[in-house]
Amino acid sequence: MKFFIDTANLDQIREANELGVLDGVTTNPSLMAKENIRGEENCRRHYAAICAIVDGDVSAEVIATDYEGMIREGEELAAIHPNIVVKLPCTAEGIRAVRYFAGKGIRTNCTLVFSPGQALLAAKAGATYVSPFVGRLDDICSDGVELVGKIVEMYRYYGYPTQVLAASIRHTQHIMQCVEAGADVATCPLAAIKGLLRHPLTDSGLAAFLADHKRVNG
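Just so you know, these numbers come straight off a predicted model, no measurement behind them.

### Some details on the sheet that holds strand E2 (residues 24-26)
Alright, step 1. The strand order around the closed barrel formed by eight strands is E1-E2-E3-E4-E5-E6-E7-E8, and the pairing between neighbours is parallel. Strand-to-strand twist across the sheet, computed as the mean angle between neighbouring axes with direction ignored, equals 30°.
Alright, step 2. Here three bridges tie E2 to strand E3 (residues 57-61), and the two strands are oriented parallel to one another. If you follow Gly24 over to E3, its bridge partner there is Asp57.
Alright, step 3. Its contacts with the sheet put helix H4 (residues 67-78) on E3 and strand E4 (84-89), and the angle it makes with E4 is roughly 160°.

### Considerations on the side chain of Lys87
Alright, step 1. Along the chain, the position of Lys87 falls in strand E4.
Alright, step 2. For Lys87, the side chain forms a polar contact with the main-chain oxygen of Thr27, separated by 2.8 Å.
Alright, step 3. Aside from chain neighbours lying at most four places away, what touches Lys87 is Thr26, Thr27, Asn28, Ser59, Ala60, Glu61, Val62, Asn109 and Thr111.

### Considerations on the packing of aromatic side chains
Alright, step 1. All chains considered together, the criterion is met by six aromatic pairs.
Alright, step 2. Geometrically, the ring pair formed by Tyr155 and Tyr160 is edge-to-face, given 5.8 Å between the ring centres and 75° between the ring planes.
Alright, step 3. Overall, Tyr155 belongs to the buried group, its relative accessible area being 3%.
Alright, step 4. For Tyr160, a relative accessible area of 21% corresponds to the partly exposed category.
Alright, step 5. By the ring-pair criterion, three or more aromatic residues cluster together here, those being Tyr155, Tyr157, Tyr158 and Tyr160.
Alright, step 6. In this structure, Arg96 is placed above the aromatic ring of Tyr67, and the distance from its NZ or CZ to the ring centre is 3.8 Å.

### Some points on helix H9 (residues 172-181)
Alright, step 1. Among all positions in H9, only His174, Ile175, Cys178 and Ala181 are buried. Down the axis, H9 shows its buried residues gathered within 120° of arc, on one side only. H9 presents Gln173 and Glu180 as exposed residues on the side facing more than 90 degrees away from its buried surface.
Alright, step 2. Considering only its buried residues, H9 is in contact with strand E1 (2-6), helix H7 (134-139), helix H8 (144-158), strand E7 (163-166), strand E8 (185-188) and helix H10 (190-195).
Alright, step 3. Phi for Gly182, located one or two positions after H9, is positive at around 90°.

### Some points on a nonpolar patch on the surface
Alright, step 1. On the surface, a cluster of nonpolar side chains totalling about 320 Å² of accessible area is made up of Met1, Met176, Val179 and Leu196.
Alright, step 2. The class of Met1 is partly exposed, set by a relative accessible area of 40%.

### Here's the deal with unusual backbone geometry
Alright, step 1. Although it is not a glycine, Cys141 sits at a positive phi angle of roughly 65°.
Alright, step 2. Its location among the elements puts Cys141 in the loop between H7 and H8.
Alright, step 3. Classification of Cys141 as exposed rests on a relative accessible area of 78%.
Alright, step 4. Despite not being glycine, Ser168 shows a phi value in the positive range, around 55°.
Alright, step 5. Looking at the element boundaries, Ser168 is found in the loop between E7 and H9.

About the criteria used
- Residues numbered from 1 in each chain as written.
- Predicted model: local features only at pLDDT ≥ 70, side-chain atom pairs only at ≥ 80, totals over all residues.
- Heavy atoms only, no water.
- Pairing = 2+ DSSP bridges.
- Helix = DSSP H or I, 4+ residues; strand = E, 2+ residues; numbered from the N terminus.
- Axes fitted to C-alpha atoms, helices over the stretch in contact; angles between N-to-C directions.
- Contact = heavy atoms within 4.5 Å.
- Polar contact = N/O pair within 3.5 Å; in protein donor to acceptor, adjacent residues only side chain to side chain.
- Phe/Tyr/Trp six-rings, centres within 6.5 Å; stacked < 30°, edge-to-face > 60°.
- Buried < 20%, exposed > 50% of the residue type's maximum accessible area, 1.4 Å probe, protein only.
- Lys NZ or Arg CZ within 6 Å of the ring centre and 35° of its normal.
- Arc of directions from axis to C-beta.
- Patch = residues over 30% accessible without salt bridge, like charges linked within 9 Å, V, L, I, M, F, W, Y side chains within 5 Å.
- Areas by Shrake-Rupley, 256 points an atom, 1.4 Å probe, with all protein chains shown as cover.
- Salt bridge = Lys/Arg side-chain N within 4 Å of Asp/Glu carboxyl O.

Laid out in structure tokens, this is it:
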């Protein structure tokens, strides 16, 4: 499984990258706003700064909701850096734009996916990634991980090359559940990635080793 970090915070991206396990970054307008990144030029500079830190795919989302606007924004985003993946919503206009960019050799991430049907259309249009939102489905008493599993099974059955990028990951358990479901990628907060390191037996074992070393060596 690939690990992406879901943030626009440069410090968090650097910290995750320094772990040596980071494969890419996903962002969205809400995450950019959280970092107070305003205006198209500032957003583009910020994406370029992210690409300078991480040697991996960086999803940059369009703001436009109309087809022509998505194409204009997507082409501008793709021109920033070769690692940019154009992120498009799973709407009729978004699926059209996915098909357009697939024909141009520009990679895409079809986002805000909440059903197998949406994921099917995204794959048929040629999306590089499809992003089912795990946490947001859990929030309405649906099963986000189950959706991930259904999409994985469907893609394998039909041989679609689109990668399943599990998004809206809330905690470490979500990551492990998505591993079991067969997701190709999990995009996570830094805390969830670091949570994979935590285990009380690791902590107690290290404390015992250090105590024994100090007892013998003073």
